There are 4 protein chains.
Amino acid sequence: MISFTCDYIEGAHPLILQRLMETNLDQEPGYGEDRFCASAKARIREAIGCPGADVFFLVGGTQTNATVIDAVLRPGEGVLAAATGHIAVHEAGAVETAGHKVLPLAQQEGKFSAQSLAVWLESFYADASWEHMVAPGMVYLSFPTEYGTLYSKAELMTIKAVCVKYGLPLFLDGARLGYGLASPSCDLGLKDLAQICDVFYIGGTKVGALCGEAVVFPAGNAPKGFLTTIKRHGALLAKGRLLGVQFDALFTDNLYMQLAKNAIDRALELKELFISKSIPFYLDSPTNQQFPILTAGQIQALQGSVNFEVWEKLPDDRYVTRFATSWATTPEKVAALGQLLDF
Amino acid sequence: MISFTCDYIEGAHPLILQRLMETNLDQEPGYGEDRFCASAKARIREAIGCPGADVFFLVGGTQTNATVIDAVLRPGEGVLAAATGHIAVHEAGAVETAGHKVLPLAQQEGKFSAQSLAVWLESFYADASWEHMVAPGMVYLSFPTEYGTLYSKAELMTIKAVCVKYGLPLFLDGARLGYGLASPSCDLGLKDLAQICDVFYIGGTKVGALCGEAVVFPAGNAPKGFLTTIKRHGALLAKGRLLGVQFDALFTDNLYMQLAKNAIDRALELKELFISKSIPFYLDSPTNQQFPILTAGQIQALQGSVNFEVWEKLPDDRYVTRFATSWATTPEKVAALGQLLDF
Amino acid sequence: MISFTCDYIEGAHPLILQRLMETNLDQEPGYGEDRFCASAKARIREAIGCPGADVFFLVGGTQTNATVIDAVLRPGEGVLAAATGHIAVHEAGAVETAGHKVLPLAQQEGKFSAQSLAVWLESFYADASWEHMVAPGMVYLSFPTEYGTLYSKAELMTIKAVCVKYGLPLFLDGARLGYGLASPSCDLGLKDLAQICDVFYIGGTKVGALCGEAVVFPAGNAPKGFLTTIKRHGALLAKGRLLGVQFDALFTDNLYMQLAKNAIDRALELKELFISKSIPFYLDSPTNQQFPILTAGQIQALQGSVNFEVWEKLPDDRYVTRFATSWATTPEKVAALGQLLDF
Amino acid sequence: MISFTCDYIEGAHPLILQRLMETNLDQEPGYGEDRFCASAKARIREAIGCPGADVFFLVGGTQTNATVIDAVLRPGEGVLAAATGHIAVHEAGAVETAGHKVLPLAQQEGKFSAQSLAVWLESFYADASWEHMVAPGMVYLSFPTEYGTLYSKAELMTIKAVCVKYGLPLFLDGARLGYGLASPSCDLGLKDLAQICDVFYIGGTKVGALCGEAVVFPAGNAPKGFLTTIKRHGALLAKGRLLGVQFDALFTDNLYMQLAKNAIDRALELKELFISKSIPFYLDSPTNQQFPILTAGQIQALQGSVNFEVWEKLPDDRYVTRFATSWATTPEKVAALGQLLDF
């Protein structure tokens, strides 16, 4: 049985485990005060080109989103996000638990446009009763999106311009950041993101770590008391070293981008396989998640040999499926899938 | 430099790391649906003698407390805890974030008595305006307490009787549970706790794991939708296997209790050292945290050679200090400390 | 200048003020323990045919919605409502402040159908990741809706059947309840609502009172500690008599329905006026809010002589406007409007 | 039967009711946009000597405290208050509902001292783990306190100096403000309070109004979006005129202070009565709440003829009772009580 279910079905990249072994008995203070965290922060600051950036390590994505949003928003403000955004759909109300509403934006293939954002904001403030409504306090986007799609540099800069006009910080959810940056379709890098975003995070969990997300406030603009906010959200790991060691390894010798590149290379091979079998896609994803449209018969034929997710039934009774690659996907596994596609 | 700062200054027990290595590339589903979690849950159910128990794995202690309390309380209810309880002092308001008040109980050496609990409850409901006050909805205690002290089986059963009288679930915070159970002063075991508590957790982070706490509802009495509550609190690890593998190892061949026993053995040796030097203690702790009272001169003499925490200045200008042992503390280190105590 | 801006531009019906005068110096206990509240509750119980109903008086609509929803939902659950529902749009995030998400349903003219509700629920539980999403915990609808439309008895009963199937309590927001019940298009009465709803409220503010909403749990099914929940939401009036006296008057000699009938009679006259001038409506409202479509020129011609709200610009550059009548609208004012419509 | 139970057992002062009658059918916009609110705000700005003050009208005290505190604090911050403060005890967790902890200060007769505040803050920031604790974000005090006591001008200024040192806004809960200011023991006035406090409110409910509290940000320093915060807390009255008319009347021809003075005059007469009978007091209150200590026999003798509150049983089996006067208490009623004190 081979699996393309998601990008977190394996443990960590071996180099990371090795570093955990090597440093295991070093005695270090807790709560991120250890030297591994310090080293990892220094490497990240260098990678993003912001020597004054504030960097924090949290454990998982939902937690990170809830913590950042709670810290940045004023009480009662809402966060604008694509209607398909992770915080809008799949975080079980974590944002609402801290008292904030997710304000959904029209989206296409997981992305909202600067124009749809601008239209929303204009309409909002044109409404005579806007003071009776939840005011937007920040803008959230995921990169890549939940559908594997990417914003171009130009798109992000136009979105940012709208944010600046309305005084809204821009927050980029990079749970799969590496898989976006390593895509041949991506026209920007970490340093660009650090210039454009007010806060973003570099996802570790899905790109080779056991767990961990690195939150970055590029301009050293972390809200007052952010460490306490992390603690309050239950996101301050006692053995912060676990996160420090992992990000230190990920940002040594470009490992993070190498792992990401493997996933993208495999995803493009996988994409070619489906194309070669004339199997259509739900949308054209340039990243590690691919969404072929399969018939019930094709799905049945594959089940038992390969794991993948079935996302949605289309009106014509075919199904949108998801095949995800990761840092751990081997060419052999993709090739094995190829054998199975001879329906 | 040797360190007794706390019980989370090292990584994980080597057997745990080894299991992480061995299972690293196994492909398993996320969010705790993996076979390691299943195995770990089975072992825990057996260890506590409750085949029908609900078991969940979360990442850290503050997170676990906030999640359990939020899930068990009705909206607006409060949680009764010793005024020194971790949730009352050192969790940055995590309980309040979910809208609940911590109702402090009079305490002695970190413990509250069944009587003080009963008096509080009687006074509360005798107050004519009790409906204008925060009603208690559950009782929280830590075992061992933040001062290393332990409740006896009789004490816990009397507390439980008061809880039953008032319809309040009893929640035991076992962040250091092993270090309580392994103490020669402890007159109860996991199976007793499972009979007495409505919900408790078995701390992994401080007893040999990299991270992880196992929440147990012994009677299969997890609140409806508890998994969603975990997700909503940002406490559902994508790679749940990280927790499953660790607890599976900890509950194989009695590893958890062996690690705990090492910490206790070392703590008792350390205690003897101070006694032999006629250094007094702030209180008589039977667990892995010891609280010798040192003079400023003694503290100065030790600094540079040994790390420990200074907790509090006494009226006579001496200091309460904390020396903690753990699963990783070696007899050699304790002996080395002994050399340093020749002031 | 005449005004049809909304249904709360005047104070209270004179009979209510008179009762406030007459009882002003009677000494009564606070917080709703007074004899006026007791009398008003008895009258409401009789009017709805539920001698065992729990009745509470709160001050305003947003407050009432937030309090009821917070009391009924379990932590983290969401409330299903038409996307145009008051709680979804115009309550500034009051529901989210207590940690709950508003789950929007497709709507038409302010109403959602039993079918759209059923489809939503089926899709939700069919989604493999539903445990990562906000689970619905109750259903909210407004009667009349924000667009003045009404559910028929059959529609409500079908909606209730879906609620029962999924174990969801049904909550009816009756901020303008009288204006619904008094409409000739309405085929149900208070006693029917009390049979169908798990909780509803009878709006006072917009139907002749200075302020006040009567929350009814028809089956005596108020959640445990509901009085404390009211207090916690800042909704427990110290001088509860202010609410008791008003509802006592409103439910004496059928005053509530008489006031409502006046608003409806005036609204139908007003509707006829527009029809007679061949002015179209945005939708066919049978209640006290009417939505004529006016051109910019017509709006300009009216301004200065009559107040009304402009809601929305249509693609063809005409505008949806709102004219509201109330218990206080006189036939003379409607007639005066008629004079102005000769564009 | 005469009653001294509390200061909200009657309706409103007749002049207020009269103004409600006179203005009843004036058509005015909702939500505080009416001309009565505008006039009342102007009069309050003049009375406090702050032409640029932001003034808002809310309905009740608990609601006002919760709204102001939520608006001023950053997420997760706590509010410092005397352990006996209304927000700490009798508001059912309203502050916690918005996610904030009440941090209790040592108090005496309902007051905390600048010194106890300074000690608390020094200890807090001296604690090595303060970032794991709830950080204080503002200071709350009630004037008069829940025990009828008053801070002197010097005391308030010293408290304010500590607040300034730590960057904490000072919030004064004036639910009974008039009864403080009208006391012969009070050495400050509204203009002093406006200079000292960052935000305070002028209580209407207990000083002659049916309901209503006027929140004042003297320096025009209302937090951004405060109107939305009011709405979100369910505290924005649709018929805001009800509050505007009342405060307009209260601040016309010094009515507010006249009503307050009546209560104080009656309270001092009542105090003399008890003194003349050699009945001791729990504490020496200079305001409208008096706390005589009665025996069980005395209480029994009075019951049936006079209503008052029994607050607390003393170790010697006597009871602390509370007798409250108000704007509505007549000299005749106090004299009648005198007759009853001949035990």
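A quick note: this is a predicted structure, and the numbers were derived from the prediction, not measured.

Undergrad: Would you mind showing me how to read the overall build of chain A here?
TA: For chain A, the count of helices and strands is 14 helices and 13 strands. For chain A, whose C-alpha radius of gyration is 20 Å, the value lies close to the compact-globule estimate of 20 Å for 343 residues. Taken along its principal axes, the extent of the C-alpha atoms in chain A is 60 × 60 × 35 Å. Burial analysis of chain A (343 residues in total) assigns 63% to the buried set. Long-range pairs, those at least 24 residues apart, make up 73% of the contacts in chain A with a sequence separation of at least 6. Approximately 11,600 Å² of chain A is accessible, and the part contributed by carbon and sulfur atoms is 52%.

Undergrad: Before we go on, may I ask you to explain the pairing of strand β6 (residues 170-173) of chain A in this structure?
TA: Within a regular beta strand, the side chains point alternately toward one face of the sheet and then the other, so they alternate between its two faces. Residue and element names in this part refer to chain A. Here β6 shows no split at all, with L170 and L172 on one side and F171 and D173 on the other all buried. In this structure, strand β5 (residues 136-142) lies alongside β6, joined through 4 bridges in parallel fashion. By the bridge assignment for β6, Y140 is matched with F171. Following the chain from β5 across helix α7 (residues 153-166) to the adjacent parallel β6, one finds a crossover that is right-handed. Direction of pairing for β6 relative to strand β7 (residues 199-203): parallel, over a ladder of 2 bridges. The residue of β7 that forms the bridge with L172 is F200.

Undergrad: Teacher, can you tell me more about the side chain of C:N65 here?
TA: Residue and element names in this part refer to chain C. Structurally, N65 can be placed in helix α3 (residues 61-72). Reaching out from N65, the side chain makes a polar contact with the side chain of E91 at a distance of 2.8 Å. Contact partners of N65, with chain neighbours within four places excluded, come to I87, E91, Y140, F171, D173 and Y201.

Undergrad: Looking at this structure, how should I read the sheet that holds strand β8 (residues 213-217) of chain A?
TA: Hydrogen bonds between backbone groups are what pair the strands of a sheet, and the pairing can be parallel or antiparallel. Residues and elements named next belong to chain A. Overall, mixed pairing links the 7 strands, which are arranged β2-β8-β7-β6-β5-β3-β4 in an open sheet. Each edge of the open sheet is held by one strand with a lone partner, namely β2 (54-58) and β4 (102-105). Averaged over all pairs of adjacent strands, the angle between strand axes in this sheet comes to 25 degrees, irrespective of strand direction. Where strand β3 (residues 78-82) lies against β5, 3 bridges are found, and the strand directions are parallel.

Undergrad: Would you explain the interface of chain C and chain B in this entry?
TA: Reports often express the size of an interface as the amount of accessible area lost when the parts come together. With 18 residues of chain C in contact, the opposing surface of chain B contributes 18 residues. Between chain C and chain B, a total of about 1,500 Å² is buried, with carbon and sulfur atoms accounting for 52% of that surface. Inspection of the chain C/chain B interface yields 0 salt bridges. Viewed at the interface, chain B and chain C are joined by 4 residue pairs in polar contact (both at pLDDT 80 or more). Going through the elements one at a time, α3 and α10 (226-232) of chain C are the ones with two or more residues in the side of chain C that touches chain B. When residues in the side of chain C that touches chain B are grouped by element, the largest group, 4 residues, is from α10(C). Among the residues forming the side of chain C that touches chain B, the class breakdown is 8 nonpolar, 3 polar and 7 charged.

Undergrad: What exactly am I supposed to notice about the relation of the copies chain C and chain B here?
TA: The operation relating the pair of chain copies consists of a rotation about an axis and a translation along that axis. Note on the identical chains: chain C maps onto chain B by a rotation of 180 degrees and an axial translation of 0.0 Å, with an RMSD of 0.0 Å. One copy is carried onto the other by what is essentially a two-fold rotation axis. Interface overlap between copies is the fraction of interface residues in one copy that are interface residues in the other; for chain C against chain B it reaches 100%, indicating a shared surface.

Undergrad: Please clarify how the interface of chain A and chain B should be interpreted in this entry.
TA: On the chain B side, the residues contacting the 44 residues of chain A number 44 residues. Viewed at the interface, chain B and chain A are joined by 0 salt bridges. The tally of links between chain A and chain B comes to 26 residue pairs in polar contact (both at pLDDT 80 or more). Secondary structure elements with two or more residues in the side of chain A that touches chain B: β1 (2-3), α1 (14-22), α3 (61-72), α5 (94-97), α10 (226-232) and α11 (241-250) of chain A. Split into classes, the residues belonging to the side of chain A that touches chain B amount to 19 nonpolar, 16 polar and 9 charged.

Undergrad: How should I be thinking about the packing of aromatic side chains in this particular structure?
TA: Each aromatic ring pair is summarised here by two numbers: the centre-to-centre distance and the angle between the ring planes. Under the defined criterion, the tally for this structure stands at 88 aromatic pairs over all chains. With centroids separated by 6.2 Å and ring planes inclined at 45 degrees, the aromatic side chains of D:Y147 and D:Y282 adopt a geometry described as tilted. Note that D:Y147 is positioned in the loop between β5 (136-142) and α7 (153-166) and D:Y282 in the loop between α12 (255-276) and β9 (289-290), a separation of 135 residues in sequence. Using a relative accessible area of 33% as the deciding quantity, one classes D:Y282 as partly exposed. Three or more aromatic residues joined by ring pairs make a cluster, and in this case those are A:F4, A:F274, A:F281, A:F308 and A:F323. Geometry around A:F56 places A:K41 over its ring, the cationic atom sitting 5.7 Å from the centre. Across from the ring centre of C:Y151, 5.4 Å away, lies the NZ or CZ of C:K111, which sits over that ring.

Undergrad: Help me understand the sheet that holds strand β2 (residues 54-58) of chain D, please; the structure alone is not making it clear to me.
TA: Residue and element names in this part refer to chain D. Spatial strand order, β2-β8-β7-β6-β5-β3-β4: 7 strands in an open sheet with mixed pairing. Among the strands making up the open sheet, the edge pair consists of β2 and β4 (102-105). Recorded for the sheet is a direction-independent mean angle of 25 degrees between the axes of neighbouring strands. In terms of strand pairing, β2 meets strand β8 (residues 213-217) through 5 bridges, oriented antiparallel. Residue pairing across strands places F57 opposite A214, the latter belonging to β8.

Undergrad: Whenever I open this one, the relation of the copies chain A and chain B confuses me. Can you help?
TA: Superposing chain A onto chain B requires a rotation of 180 degrees together with a translation of 0.0 Å along the rotation axis, leaving an RMSD of 0.0 Å. Interface residue correspondence from chain A to chain B reaches 100%, placing this contact among same-surface, isologous pairings.

Undergrad: For this particular structure, what's the right way to read helix α1 (residues 14-22) of chain D?
TA: Owing to its 3.6 residues per turn, the α-helix aligns residues three or four sequence positions apart on the same side. Looking only at α1(D), the buried set comprises D:I16, D:L17 and D:L20. Along the axis of α1(D), the buried residues cluster in a sector spanning 100 degrees; they form a single face.

Undergrad: In this structure, what is going on with the confidence of the model for chain A? I would like to understand it.
TA: Any region with low pLDDT has predicted coordinates that should not be read closely. Residues at a pLDDT of 70 or more form 100% of chain A, whose mean pLDDT is 97. Here the complex is predicted with pTM 0.97, and the ipTM for its interfaces comes to 0.97.

Undergrad: Please explain the pairing of strand β12 (residues 309-313) of chain B as it appears in this structure.
TA: All names here are of chain B. With 4 bridges joining them, β12 and strand β13 (residues 319-324) adopt antiparallel strand pairing. Residue pairing for β13: E312 is matched across the bridge by V320. Taking the residues between adjacent antiparallel strands as the criterion, β12 and β13 are bridged by 5 residues, where D317 takes a positive phi near 75 degrees.

About the cut-offs
Residues numbered from 1 in each chain as written. Chains lettered and ligands numbered in written order. Predicted model: local features only at pLDDT ≥ 70, side-chain atom pairs only at ≥ 80, totals over all residues. Heavy atoms only, no water. Helix = DSSP H or I, 4+ residues; strand = E, 2+ residues; numbered from the N terminus. Rg over C-alpha atoms; globule rule 2.2 N^0.38 Å. Buried < 20%, exposed > 50% of the residue type's maximum accessible area, 1.4 Å probe, protein only. Contact = heavy atoms within 4.5 Å. Areas by Shrake-Rupley, 256 points an atom, 1.4 Å probe, with all protein chains shown as cover. Pairing = 2+ DSSP bridges. Right-handed = clockwise from strand over helix to strand, strands pointing away. Polar contact = N/O pair within 3.5 Å; in protein donor to acceptor, adjacent residues only side chain to side chain. Axes fitted to C-alpha atoms, helices over the stretch in contact; angles between N-to-C directions. Buried area = accessible area lost by both parts, 1.4 Å probe. Salt bridge = Lys/Arg side-chain N within 4 Å of Asp/Glu carboxyl O. Nonpolar A, V, L, I, M, F, W, Y, C, P; charged D, E, K, R; others polar. Least-squares fit on C-alpha atoms with pLDDT ≥ 70 in both. Phe/Tyr/Trp six-rings, centres within 6.5 Å; stacked < 30°, edge-to-face > 60°. Lys NZ or Arg CZ within 6 Å of the ring centre and 35° of its normal. Arc of directions from axis to C-beta. pLDDT = per-residue confidence, 0-100.

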